[in-house]
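# Results of the structural survey
Residue strings, one per chain:
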Amino acid sequence: MENYLWWRDGVIYQIYPRSFADSNRDGLGDLPGIISRLDYLAELGVDALWLSPIYPSPDRDFGYDVSDYCNVDPRYGSLADFDRLVAGAHARGLRLIMDMVMNHTSDQHAWFQESRSSRDNPKRDWYIWKDQPNNWQASFGGNAWEFDAATGQYYLHLFTKEQPDVNWRNPAVRQAQLGAFRFWMERGVDGFRLDVFNAYFKHPDFPDNPPQFGLRGFDRQRHIYDMDQPEMLPLLNELRRLLDSYPERYSVGETDLATPQKTVSYCGLDKLHAAFSFDFTSHELSFPWNPGWIMAQIARREQTFNAAGVWPTTVMSNHDLPRAASRYCKGENDAQARIAMALLLTLRGTPFMYYGEEIGMRDITLRRSEILDPPGRKYWPFYKGRDGCRSPMQWDAGAQAGFSPARPWLPLHPDYLQRNVAAQQADPGSLLHFTKRLLALRKEYPALRRGDYLPLESAPGTLAYLRSTPEQSVLVAINFKGHPAKFASPDGKWQRLFSSQADSKDPAEALAAHEVRLLIQE
Ligand code: GLC
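A few points on the structure. Every value quoted in this text rests on a predicted model; they were computed, and no experiment measured them.

### Description of the nonpolar core
Grouped together as the largest cluster of nonpolar side chains are 132 residues, with contacts concentrated most on Y13, F82 and L343. Here this core gets eight residues from one element, more than from any other, and that element is helix 11 (residues 335-346). In terms of nonpolar packing, the next biggest core, distinct from the first, is built from 13 residues, I128, W136, F140 and V196 among them.

Here it is as structure tokens:
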């Protein structure tokens, strides 16, 4: 394949390790569990795996509170298991991406334990300590400053109080953090997802953030002093030089409060390879799931990413959001989940698929007493947290959905008896087969991976666009409605490449209800 670049041309599959596969009967997924499913992932046709954090963690934010960056939590396995995972993934042509949570550590990290032990401890300045708090708010609720009675100062935490923010202005912190990247690259890791990276640096004078309209305290401020500081760019340059000293390594940033403009400002040949702009993940109210809105979002990001020469990413679901299938589907009908999958896999940009998305897993609903996620516990019933999208993978209709022989850490979705990998593997009309066919087409047709994007006029309730290279054009047409819609293929000789309806061969006939159709011109 000409110029093939795994992170640009491939599809990245996010695994939430706690919920993927449990090998040691403790109800938590683990690394040997993932290893046992590598054949499934390779056969699905994805190209890389992003593991949500697997480091030792007290789990106040389920792994996003790290107490040792260079180790594996014993509940997930050992470094030896990790090495087997890397080898097993690489043997199947799968790359591996680690989640680097470096805006903050756990309060149980040895660094913070030292830092809080006394004001003159050498690690005091590894975190952000002040005599007086400013008005900054934690994104999970409440004040961002916690008073530490033992030493009589406040420390900063932009998330829970068990997640103190590190002081990236301290050169020793910078060295230690970059050392963790090197540690994992030496073990064969191919890339990194940077958790809320654009909050690493805070304004050196700690001014109050100005107010704005919003619901929660955090939303009622403009975050101009607690994130997106200019010092981020030289750090990204340094990180990129480090990554480029190893072959074909990749970085993708989770841009907090992302817009396409902000996102591209962090990407480039001497910065991150990519960053998330979350163009399709808002919730129902602000995101009417209709072709007009989606086309407008695409236009917005196309313009910004093209102007900056940055390669986009596409996300429909992840571990922080209600799943796309829960947002857009009614009941167990998968029509809109197919549409979301088709967009994910045919838009210009690297697709990030979230575990279970390929079978249309839905969010679980929890009673208040069952909620584990800190923001959910705080804001229930206005916000029920993120446990819903983190339920165990539904492998089969057997005990605990084939996830674990033991009771899982979060309840299974009750639909697992019908909705599971085994059932969908046996059903050629399933979402899983639909996903696999699109993944295979992406591999086969360069226009779907690399082609330019060109919007087309289309009938109400539908959308259509071209993905074109000089040699090849693929037309994608999608009918969002439950009734047929007019369709006119553009001039030229088009052939049907794919249809979710599969029976007719005429490329110009009306789109069937909810049809996803791909035509090709070569
Ligand atoms: C990121 C993660 C989220 C986590 C937060 C704090 O937004 O995606 O899961 O809670 O950072 O680390």
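Continuing now.
### So, the sheet that holds strand 2 (residues 48-51)
Taken in spatial order, the eight strands of this open sheet run 9-8-7-3-2-1-11-10, and their pairing is parallel. Strand pairing shows two members of the sheet lacking a second neighbour, strand 9 (274-275) and strand 10 (313-315), which therefore form its edges. One ladder, built from two bridges, connects strand 8 (residues 250-253) with strand 9; its direction is parallel. Opposite G253, over in strand 9, you have A275 as the bridge partner.

### Topic: the site of the ligand
Near the ligand lie 15 residues; those nearest to it are D61, D195, E254, H319 and D320. Within the side chain of D61, a nitrogen or oxygen atom sits 2.5 Å from an oxygen atom of the ligand. In terms of residue class, the shell around the ligand is made up of five nonpolar, three polar and seven charged.

### Let's talk about the packing of helix 6 (residues 171-186) against helix 7 (residues 232-244)
Packed helices, taken two at a time, are described by their axes: the angle between them and the distance between them. Contact geometry of helix 6 with helix 7 gives a least axis separation of 11 Å together with a crossing angle of 30°. On the basis of the axis angle, helix 6 is roughly parallel to helix 7. Note on packing geometry: the crossing formed by helix 6 with helix 7 is right-handed. Where helix 6 abuts helix 7, its residues R174, Q175, L178, F181, R182 and M185 lie against P234, L235, E238, L239, L242 and L243. Looking at the contact of helix 6 with helix 7 residue by residue, the class counts come to eight nonpolar, one polar and three charged.

### A closer look at the packing of aromatic side chains
Going through the model one piece at a time under the given rule, you end up with 35 aromatic pairs. With 5.4 Å between their ring centres and 75° between their planes, W6 and Y250 make a pair best called edge-to-face. Of this pair, W6 sits in helix 1 (residues 6-9) while Y250 sits in strand 8, and the two are 244 residues apart along the sequence. Residue classification places Y250 among the buried residues on the basis of a relative accessible area of 0%. Centre to centre, the rings of F181 and F192 are 4.8 Å apart; their planes meet at 75°, and the pair counts as edge-to-face. In this pair, F181 sits in helix 6 while F192 sits in strand 7 (residues 191-194), placing the two residues 11 residues apart along the sequence. Each of the two residues, F181 as well as F192, counts as buried. Among the aromatic side chains, those forming a connected cluster through ring pairs are Y55, Y69, F82, W111, W126, F183 and W184. Residue placement shows R37 over the ring face of W395; its charged tip is 3.8 Å from the ring centre. The lysine or arginine in question, R338, covers the ring of F434, its NZ or CZ lying 5.5 Å from the ring centre.

### With respect to the pattern of salt bridges
Overall, the coordinates contain 40 salt bridges when judged by the stated rule. Notably, a salt bridge pairs D59 with R75, separated by 2.9 Å at the nearest N-O pair. Of this pair, D59 sits in the loop between strand 2 and helix 4 (79-91) while R75 sits in the loop between strand 2 and helix 4, and the two are 16 residues apart along the sequence. Taking the shortest distance from any N to any O, the salt bridge between R419 and D334 comes out at 2.9 Å. Placement of the pair is R419 in the loop between helix 12 (374-379) and helix 13 (421-425) and D334 in the loop between helix 10 (324-328) and helix 11, with a sequence separation of 85 residues. Across the pair, exposure class does not vary: R419 and D334 are buried alike. Connected via shared salt-bridge partners are D61, D320, D373, R386 and R390.

### As for helix 4
Compared with an ideal rise of 1.5 Å per residue, which puts 13 residues at 18 Å, helix 4 spans 18 Å between its outermost C-alpha atoms and is within 8% of the ideal. If you check which residues of helix 4 are buried, you get D81, F82, L85, V86, G88 and A89. In this structure, the buried residues of helix 4 make contact with helix 2 (31-36), helix 3 (38-44), strand 2, strand 3 (95-100) and helix 6. One or two positions beyond helix 4, positive phi appears at G93, with a value near 80°.

### Points about helix 11
Residues spaced three or four apart along an α-helix point in a common direction, a consequence of the helix completing one turn every 3.6 residues. Relative to the 16 Å expected for 12 residues at 1.5 Å per residue, helix 11 spans 17 Å between its end C-alpha atoms, a close match to the ideal helical length. Taken residue by residue, helix 11 has A335, Q336, A337, R338, I339, A340, M341, A342, L343, L344, L345 and T346 as its buried positions.

### A look at the side chain of T105
In this fold, T105 is placed in the loop between strand 3 and helix 5 (110-115). At 2.8 Å, the side chain of T105 forms a polar contact with the side chain of Y127. Apart from residues no more than four positions distant in its own chain, T105 is found in contact with V66, Y69, W111, F112, Y127, E162, Q163, P164 and V166.

### Quick notes on the state of the cysteines
Counted by the stated rule, this structure contains zero disulfides. In this model C329 remains outside any disulfide bridge; the closest cysteine sulfur is found in C389, 15 Å from its own. We classify C329 as buried; its relative accessible area is 12%.

### Points about the sheet that holds strand 14 (residues 472-479)
Sheet strands pair by backbone hydrogen bonding; their relative direction is either parallel or antiparallel. What the five strands build is an open sheet, ordered 12-13-14-16-15; its pairing is antiparallel. Each end of this open sheet is capped by a strand with a single partner; those strands are strand 12 (452-456) and strand 15 (495-499). Each strand axis lies, on average, 25° off the axis of its neighbour in the sheet, ignoring direction. When strand 15 meets strand 16 (residues 516-521), the two strands line up antiparallel, connected through four bridges. Bridging from a neighbouring strand, R496 pairs with L519 of strand 16.

Definitions and limits used
- Residues numbered from 1 in each chain as written.
- Predicted model: local features only at pLDDT ≥ 70, side-chain atom pairs only at ≥ 80, totals over all residues.
- Heavy atoms only, no water.
- Core = buried A, V, L, I, M, F, W, Y, C linked by side-chain atoms within 4.5 Å.
- Buried < 20%, exposed > 50% of the residue type's maximum accessible area, 1.4 Å probe, protein only.
- Helix = DSSP H or I, 4+ residues; strand = E, 2+ residues; numbered from the N terminus.
- Pairing = 2+ DSSP bridges.
- Near = heavy atom within 4 Å.
- Polar contact = N/O pair within 3.5 Å; in protein donor to acceptor, adjacent residues only side chain to side chain.
- Nonpolar A, V, L, I, M, F, W, Y, C, P; charged D, E, K, R; others polar.
- Axes fitted to C-alpha atoms, helices over the stretch in contact; angles between N-to-C directions.
- Parallel < 35°, antiparallel > 145°, perpendicular 65-115°, else oblique.
- Left-handed = near helix turned anticlockwise from the far one by under 90°.
- Contact = heavy atoms within 4.5 Å.
- Phe/Tyr/Trp six-rings, centres within 6.5 Å; stacked < 30°, edge-to-face > 60°.
- Lys NZ or Arg CZ within 6 Å of the ring centre and 35° of its normal.
- Salt bridge = Lys/Arg side-chain N within 4 Å of Asp/Glu carboxyl O.
- Expected span 1.5 Å × (residues − 1).
- Disulfide = S-S within 2.5 Å.

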